[in-house]
Structure formats: structure tokens, C-alpha cells
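Results of the structural survey
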Amino acid sequence: MAPRRGGEGGAGALAAIGGGRGAFDPPPLKRMYPWQQDGAGQCDIVAGGVDDTGVFKGIHISGVHLMALLRTFQLSKVFMPVDTSTPIAHLGQSLQDGIPLVIVTRGCFGRDMDYGPGPVRNDVQKTVWEICRQMRADMPQVLISCIDLPINVSPDVVQACLSEPLNEYRELMYHEGTWHTPSVINSSGLAKWKQENKKEKLNKVGVMPGGFHRKKFGWIDETIFYKDMWALGWKPVLKRSDPPAAPRRTDLVFSENAVPDVKPILNSTPSGTEVTFRKLLARSRESGDPQELVSSVKAYLDRAKFSEKSGLEEAVKACGEAAELFQGRGDAVEACSARGMAVGTYIWMNEVDKAMHMATEMQASAKTAKVEVKAARLVLDCHFALGELDKAVEAATSAKDSVEKKGDPEALCEAWGLVVATEIARGDFEAAVTAATSATSSADKLSKAKAWLLVAESQMALGGNSESEATKKSAHEAAIAAQTSARVLFKELGLKKEEAEALQGVVQACLMQGNSTAALQTATELQAFAKDAEGSTEGMSVLAATASQLVATAHLQQYSIDGAFLEGGGEAMIAAAREAVASFDRLGEAGRRAGAQRVLLQARRAFPSTN
């Protein structure tokens, strides 16, 4: 049976007498013991020297258990077993005669700055170095040298320690191509710093925050108290090669790589709203009714989610189909409204570029002034979504100039309204007032009345955003005058609903001005006017209820100013607020009813004596 290559008995040593070669052989194959974490059997011992011809003569012991072997050397020859083999016995005698002994450890020093506790064998091998130092002190005739090598260096590096100048040192460390030997340096400065910067508990009473805790100052040089403090370091004695350069990675180039297109995780399961919408859409397409298509799209957009991309794309497609059907019937305005729904859907989907492209094509292909104004309003919506207010003003002005050439006064008034709205959005209220005033030069009464409403709107915006009290007062007075002028024109045209809305604007302007008395008078007039025309004109019931709410609001404003109520007292205020709530409740106006209830609550708090 062939002998094993490692793990021999006794002290666990494998002895080999040097031959005629002048270099060390690599250690034989060793048996690994994963359960041994201290690395006790992973060291080498070289005993011997180099003769005049440069040939090593001695013994190379590999895979040795250091603690057992060092103890064996300490016992000397008389304590060895009788049947000890000749090479080991000769080695014991040679130790007494002065044969040099080299103990090689792996990774003992140079690891203290690493992160983590490190392997257990580091501490064990440091203990070996301490035992060797003790042996040199007890038996000076034993020439023991300790050498520490990195874990990835071959054993032939040890041969340099047997020749000058390294053979003069008893302790050596090979690190990054340079041999180092221990050196003792004075550490008085470090000892003084540690004494003055003791780590104290954070919850200790009397410790000031910040980290500076010194309580005294010395009158003499305190370094004399620490002059006997020493630290063990390393100094280079022989450089064999330059330190290996860390290889630079060339694959970590991120600027040349394209940014990945990260897409959201789409929910493939359609919602119930989308499923119902597709069913309605299929039914509408079978009937071929464009109005039914538009109604299906409106019902879906009120309930659609932003993540339903496929459903929203289908809604845009349906709007295009409805627009083509309306266009085939010769209804250009309804076709423009259908495409406007598609533009609004694109804006809500955050695809403003597609919306802008569609709106621009609509404006360019418009054949009538009203259609062009509607398309221009869609272009402005796209600019507002992008925050391009200056471009919005330019687009509105360009659309107004284009519509003015077509001779449609109503469309021109709507175009002036676009200019006024963009100027107010940009914050240039004086320019908005100028544009609205220019619109009042129309010869058409209806257009002129609507222009006066634009003047009132711009004046109200100017007064609401001005810091000067004089400017506010003049703007509110101008708004009241503009609403009054519009009311007169609407009355001449016989448009009662528009006349009532102009009266409502006068009340709101009076409230903004702080003139509660004028607001009450106008609101009472509006209430009586709306009740008289309630049966003949649609929408007058809502205006009558709104007038009752404005009556209560005028009383509350006067009460907040001087603590008194206007004509009729608190009873009239409570009655008007209750009438507004009851009217909105009867008409099914839930949103308006909530506002009237808030006014009624404030009225009851101001006049709590009414049950």
C-alpha cells in the first residue's frame, strides 16, 4: 500500500533531507481538515543552511503542528523517545550545536487593519511568535528565525532569508515585494492623546455635548510622564520588487451606455369600467350614431383610471370615429367638439405632443370662424399643460387676428375671450383689461354685451390681485359698471337668463368691494326677477335659489363688519338661507346645496336666537 502524502503520525511532521538542489521544493499535497479553524497544522519549519557552493543542507518540515513540535524542541534529546528516527534525533543535537531554525507562518501580521475579526489562526500564529521569542531568551544558542509570508506566496521566497543581509535578522515579514523587520518606536504622543480623550458614557452627568471634555491644562510638559511608552512597528530592510498595482477595471463605463427605458408594470387585467365601455362602444358602432359614441366616451372618461392606457387609446379612437361621422353629416362644430375630447384625453394621459399635433391640425383645417376658435382653445389648453404661457398669448393673439378677418362678430368675441384668459393666466391683468375693452367696440349687441362681461372679469382679476386699495376700489367699480352695461344690452335683446347672470355678477362685485347694502339690493332684485321668469326661461330656478343665498351672504358680510344686520334683520337672513337650501334640494343640485348649507350654518351662528 502506497504511503500517504500528508497527515503523518507523531508530531504530524514530514521530514525531507536536502539534496543537491539549491532551492526549496514546494510543499507536498496536504490533507485539509475543515473542522480545524485555528490553522495549527498549516505551518512549515526549515532547519539548516547554505554551504559555500550555494546548496541548501538541512531539513524542511511541512504540514507541522507547531505547538507540539516546538515543545519537542524544548525538551531536547534526553526527553525524546528511544525509537526516534535518525533525522529527528540529529536535528535535536544540531539545535544544541547552533543550526539555524526558520519557522514560517502565513498571514500572521499585516491583517489588523482589515474589516472583521479575521480567522482564528492569526491569533494562534502570533502565539507561536511569542513562544519563539521566549525560546530565544531562554536558550540563546538556539538560532530561531520567524518569517511571516502572505498566504499566496510560494515557499521558495524563504531562501533569501538564508543569505545576507536577511540572515542577520531573527524576525522578518514579507509584504508586497519588501522584507520588513520589527522596530520599536516611542509612542508617548499616542499615550498622552488616549489619556486626554477617554471614551465616556453619553448619559454621564456633567458631560458637555460636542466631544471636547478636557477639564484641566498642564503647567509643565506632560510628555515626560509617557516617555517610557513604546509601540511595535515594522521597518523595511530589503526591497525585492515593486508593490503589485491594483488592476483597473475597464468595464465600468456608464456614460457610453444608453439609459434603459424603464416602463411601468402594466396591469393586464381590464377594469370593470373598461369592459363596460368596450361593450357600449361596440353597440354604438353597430348603430352608427356619433352622438351615442360621444356619450359612451364621456361616461368612460368620468370613471377611467390613468393606468388604463389601452382603454384611453380606444376612447381617442372612438372620438375620431364620431368626428368623422359628424363631419359626414355636415356638423363641423360637433365634429370639433368630438376631436376636442380626444385632445383632452391625450392631455390627461400626459401625451401633450400628440394633443398639440391634433389641435394644430384642427385649427389649420378649420373652415369656419367658430370652429377655428374652438380649435384655438384646444391649442391653448396644450400650452397651459406645458406651462408655456408666453406661447399661449401668442397663439391666442394669432387666432384672434385670423378670426377677425372672417367677419364673424360672435366668434371674434370668443377669440377676444381667449386673449383675456391667457393674459390673466400669465398675470398681466392690465393687458387683459385692455384686450377686453377693445372687444367692446363691436357693433353687434350680443357680442358687445359678452365683451362687457370680459371687462368685468378682467377688472375683478385686477382688483383681487392688487395690493393698492385705490386700485382695488377703482377695479371693483369698473367691474360693477361693466356688468351693468352688459345687463342693459341683454335686456334690450330679451335674453332673461343672461340678464340674470349679469345681475349676479353685479352682486358678487359689490360683495368684493365690501358694499353690503348695494349687494343686498341687487340680490333682492335678482331674486324677484328670477322668480318672475322662472316658468318661462330654463335655468331661472337655479338663479332664484342663488339669489336667496346671496341675500344671506350680504347680511353675513355686514354682520362681520359692524355686528349688525341689514334691512330685515337676522330673521330675513335665516329665511333666505333656508329658502336657498330648500330650492337646491328640490332641484337636485347637490353641490350648490352643500354651499347653501354652509351659509345657513354661518347664519345660525351669527343669529342663534332663531330656532
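Definitions and limits used
Residues numbered from 1 in each chain as written. Predicted model: local features only at pLDDT ≥ 70, side-chain atom pairs only at ≥ 80, totals over all residues. Heavy atoms only, no water. Helix = DSSP H or I, 4+ residues; strand = E, 2+ residues; numbered from the N terminus. Buried < 20%, exposed > 50% of the residue type's maximum accessible area, 1.4 Å probe, protein only. Contact = heavy atoms within 4.5 Å. Areas by Shrake-Rupley, 256 points an atom, 1.4 Å probe, with all protein chains shown as cover. pLDDT = per-residue confidence, 0-100. Salt bridge = Lys/Arg side-chain N within 4 Å of Asp/Glu carboxyl O. Phe/Tyr/Trp six-rings, centres within 6.5 Å; stacked < 30°, edge-to-face > 60°.

**What about the overall build of the protein chain?**
A count of helices and strands for the protein chain gives 20 helices and 7 strands. Taken across its 611 residues, the protein chain has 38% of its residues classed as buried. Of all intrachain contacts in the protein chain linking residues separated by at least 6 positions in sequence, the fraction that spans at least 24 positions is 64%. For the protein chain, the computed accessible surface area is about 35800 Å², with 54% contributed by carbon and sulfur atoms.

**What to know about the confidence of the model for the protein chain**
Looking at the protein chain, pLDDT values average 78 and 77% of them are 70 or higher. Note on residues 1-22: pLDDT under 50 across the span, and 38 contacts to partners over four residues away in sequence or across chains. Predicted confidence for residues 76-84 stays below pLDDT 50, and this span has 6 contacts to residues more than four positions away or in other chains.

**Considering the pattern of salt bridges**
Scanning the entire structure with this criterion turns up 21 salt bridges. For Glu-171, the salt bridge identified is with Arg-133, shortest N-O distance 2.5 Å. Taken as a pair, Glu-171 in strand E5 (residues 171-175) and Arg-133 in helix H3 (residues 121-138) lie far apart in primary sequence, 38 residues in all. A residue is classified by how much of its surface remains accessible, and Arg-133, at 24% relative accessible area, is partly exposed. With a closest N to O distance of 3.3 Å, Glu-499 and Arg-487 form a salt bridge.

**Some remarks on the packing of aromatic side chains**
If you walk through the whole model with that rule in mind, you get 5 aromatic pairs. With a centroid separation of 4.8 Å and 55° between ring planes, the pair formed by Tyr-174 and Trp-179 is classed as tilted. With a centroid separation of 5.7 Å and 90° between ring planes, the pair formed by Phe-565 and Phe-607 is classed as edge-to-face. Note that Phe-565 is positioned in the loop between helix H18 (540-562) and helix H19 (569-587) and Phe-607 in the segment after helix H20 (590-606), a separation of 42 residues in sequence. Overall, the relative accessible area of 21% leaves Phe-565 in the partly exposed class. Aromatic rings pair up to connect Tyr-559, Phe-565 and Phe-607 into one cluster.

**Describing the pairing of strand E3 (residues 101-106)**
Of all 6 residues that make up E3, 6 are buried, and the element is covered over most of its length. Side-chain alternation along E3 places Leu-101, Ile-103 and Thr-105 on one buried face and Val-102, Val-104 and Arg-106 on a second face that is also buried.

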